[in-house]
Amino acid sequence: MPHPLFRKKSITAILSDAQSGLSDSTHSSSGLNKVLTVRDLTAMGIAAVVGAGIFSTIGNASFHGGPGVSLLFILTAVCCGFSALCYAEFASRIPVSGSAYTYAYASFGELIAWIIGWDLLMEYAIGNIAVAISWSQYFVNLLEGLHIHLPAYITTDYLSASRGFKEATTQLAGGASLESLTSTTRGAYQAWINAPQIGGLRLIADIPALAIVFLITWLVYTGIRETRRATNMMVVFKIVILIAVIAIGFFFVAPENWSPFLPNGFGGMMKGVSAVFFAYIGFDAISTTAEECKNPQRDLPRGMIYSLIICTVLYILVALVLTGMVSYKELEVGDPLAFVFKRVGLDQISYIISFSAVIATASVLLVFQMGQPRIWMSMSRDGLLPKAFSRIHPKYKTPSFATIITGLFVAVPALFLNLTEVTDLTSIGTLFAFVLVCGGVLLLPERQPGEAAPKFKIPYINSQFIVPVLFITGVIIFWQNFLGLFNFHETWDVFRDKLPFFLFVILSIAITVASFLKKLSLIPVLGLASCFYLMTELGYTNWLRFIIWLIIGLVIYFLYSRYHSKLNNQKII
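On a predicted model such as this, the values are computed, not experimentally measured, just so you know.

Caption draft 1: View of the packing of aromatic side chains. As enumerated under the stated definition, the model contains 21 aromatic pairs in all. Judged by centre distance (5.4 Å) and plane angle (45°), the ring pair of Phe501 and Phe504 falls under tilted. Of this pair, Phe501 and Phe504 both sit in helix H21 (residues 499-518), three residues apart, which is roughly one turn of the helix. Among the residues examined, Phe501 registers a relative accessible area of 23% and is labelled partly exposed. Seen from their ring centres, Phe532 and Trp543 are 6.0 Å apart, and the 70° between their planes marks the pair as edge-to-face. Of this pair, Phe532 sits in helix H22 (residues 522-536) while Trp543 sits in helix H23 (residues 539-564), placing them eleven residues apart in sequence. Residue classification places Phe532 among the buried positions, given a relative accessible area of 14%. An aromatic cluster is built from Trp114, Trp118, Trp549, Tyr557 and Phe558, whose rings are joined through pairwise contacts.

Caption draft 2: Region of the structure containing unusual backbone geometry. Here Ser259 and Pro260 are connected by a cis peptide whose omega angle stands at 0°. By secondary structure assignment, the location of Pro260 is in the loop between helix H10 (224-250) and helix H11 (265-270). The backbone phi angle of Lys519 is positive, close to 55°, even though this residue is not glycine. For Lys519, a relative accessible area of 42% translates into the label partly exposed.

Caption draft 3: Highlighting the packing of helix H9 (residues 207-222) against helix H15 (residues 347-381). Orientation of H9 relative to H15, taken along the N-to-C sense of each, is 55°, at an axis distance of 9 Å. It follows that H9 is oblique to H15 by the angle criterion. Like other packed secondary-structure pairs, H9 and H15 cross with a definite hand, here right-handed. Contacts from Ile212, Val213, Ile216, Thr217, Leu219 and Val220 in H9 reach Ala362, Leu365, Leu366, Gln369, Met370 and Arg374 in H15. Considering only residue class, the contact of H9 with H15 consists of nine nonpolar, two polar and one charged.

Caption draft 4: Structural detail: the environment of Ile246. Tracing the backbone through its elements, the reader meets Ile246 in helix H10. By relative accessible area, Ile246 is classed as buried at 15%. A sequence separation of 68 residues divides Ile246 from Leu314, and the C-alpha atoms of the two residues are 8.7 Å apart. Every residue in contact with Ile246, bar those within four places of it in the chain, is listed here: Leu314, Leu317, Val318 and Val321.

Caption draft 5: The arrangement of the nonpolar core in detail. Tyr87, Tyr101, Ile116 and Met535 are the most contacted members of the largest nonpolar core, which totals 147 residues. Top element by residues in this core is helix H6 (residues 110-145). It accounts for 19 residues. Counting five residues, the second largest nonpolar core, distinct from the first, contains Ala161, Ala191, Trp192 and Ala195.

Cut-off values and rules
Residues numbered from 1 in each chain as written. Predicted model: local features only at pLDDT ≥ 70, side-chain atom pairs only at ≥ 80, totals over all residues. Heavy atoms only, no water. Phe/Tyr/Trp six-rings, centres within 6.5 Å; stacked < 30°, edge-to-face > 60°. Helix = DSSP H or I, 4+ residues; strand = E, 2+ residues; numbered from the N terminus. Buried < 20%, exposed > 50% of the residue type's maximum accessible area, 1.4 Å probe, protein only. Axes fitted to C-alpha atoms, helices over the stretch in contact; angles between N-to-C directions. Parallel < 35°, antiparallel > 145°, perpendicular 65-115°, else oblique. Left-handed = near helix turned anticlockwise from the far one by under 90°. Contact = heavy atoms within 4.5 Å. Nonpolar A, V, L, I, M, F, W, Y, C, P; charged D, E, K, R; others polar. Core = buried A, V, L, I, M, F, W, Y, C linked by side-chain atoms within 4.5 Å.

See below:
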């Protein structure tokens with residue numbers, strides 16, 4: 001008999017609970033409108049993936065990786081592809097809201113389900129904050145193009161203003177002029193010195209970020225049909241714009257800008273992994289809409305895979321055009337697409353790009369804000385969160401209370417936080433979710449009598465000999481890197497960033513042995529290993545913040561959720 005912390009919820013019970021609702025407002029049906037088709041799901045996937053990444057963080061990734069960042073998009077897409085197939089199998093077997101949280105409940109048990117649910121709350125909330133901040137930057141740039149100037153202290157977050165002021169003060173003290181500072185540093189400096197004060201506290205906040213979160217939250221609150229219409233329109237618009245950007249930008253590509261292709265080597269390319277992976281985190285949000293799909297077992301897998309393929313092609317083409325139009329050394333900017341067209345003298349196109357970026361990032365926020373309340377709803381159904389989180393609005397048929405809390409949870413931090421800080425934390429949380437989903441597929445129970453046959457299943461490829469060969473090959477190729485882990489003469493600041501890689505080595509050995517002995521399915525194994533490797537590239541600081549967040553979650557679980565769990569109350573083990 002398993003320990004109560006690892007009690008699993010059967011797939012039959014999960015489906016039954018979803019059909020009966022188990023909310024505090026209805027006990028006859030889930031109350032959610034089933035209106036989404038494969039086209040809508042694909043559009044939502046594109047809406048979530050093509051946004052802040054392609055209009056913002058791709059610039060920083062290109063600065064570090066050069067033209068070779070296109071290879072990083074391929075590498076990341078492959079890792080996400082493995083995960084997408086695992087998500088697709090889960091979605092076909094368990095077509096309910098809850099995403100990786102629900103999948104973990106069926107495969108790993110309650111404690112791991114709570115951990116992944118808590119992780120997803122961080123992923124979506126922090127991801128939404130990052131997108132809101134990015135939207136604000138493009139919105140302000142658009143207003144500047146229209147000669148509408150807002151005070152810097154109401155368009156800058158407090159953290160950036162404080163850091164920019166300190167940096168500017170240092171440079172000015174060294175003899176630099178205000179005009180010689182970068183536009184970002186100069187703007188932060190001006191925000192700090194011009195901000196009104198109350199008792200020495202400077203009133204600096206990103207008001208546009210707050211406004212867009214409230215607007216999107218209202219739209220998500222009013223219904224899935226309205227969300228679907230808005231998403232589809234925004235996706236069509238931004239795809240047309242991106243195709244135009246690629247087509248026009250191609251005529252301004254200078255091939256010499258693609259040489260060297262990897263100016264900072266493989267390590268330089270991998271510095272952009274957080275920014276690049278941040279672009280892909282949205283496709284799993286599709287799985288949170290399972291109970292609003294007309295045919296979730298068929299359409300969810302298709303929507304995930306179609307959107308991932310389309311977005312990968314767009315990202316690679318945009319990366320090549322971007323690094324071909326100007327030198328990668330100039331791309332450390334917040335609005336890279338608008339910047340490169342200004343750089344080649346096409347100012348009017350840069351304004352159009354700024355407008356399309358406002359639409360694109362709003363669509364990402366829309367899908368993320370729709371996903372998080374549905375995860376809260378699923379956790380509430382299981383008793384791990386208070387009943388109010390599973391409340392369905394009688395008119396709009398949406399998880400009303402959870403949607404409002406999500407809006408507040410995102411809007412307030414978006415006023416003050418910095419884009420880089422939240423991007424890194426979002427990426428490590430998402431990768432952790434992907435790792436558990438891939439591992440969960442390996443632990444999925446056999447189909448029970450009476451359970452409908454899934455309409456999608458990952459093709460089985462025996463990993464018994466393939467994985468050991470890959471492991472031995474990796475050791476041969478990267479043996480110097482492996483030995484470098486044991487260089488204990490380095491300073492702590494250097495050595496600590498290697499600590500996550502020790503975990504990867506241990507995991508790789510365990511996976512290799514398990515694959516040889518148990519003949520595991522290859523695709524989930526590759527997904528688990530590749531996503532965990534990407535986690536190791538995010539550094540010690542992000543791991544520390546992530547672990548602190550998980551510890552907070554465990555405290556809540558052991559003080560509240562464990563005792564209110566429906567499985568605990570029903571004594572079902």
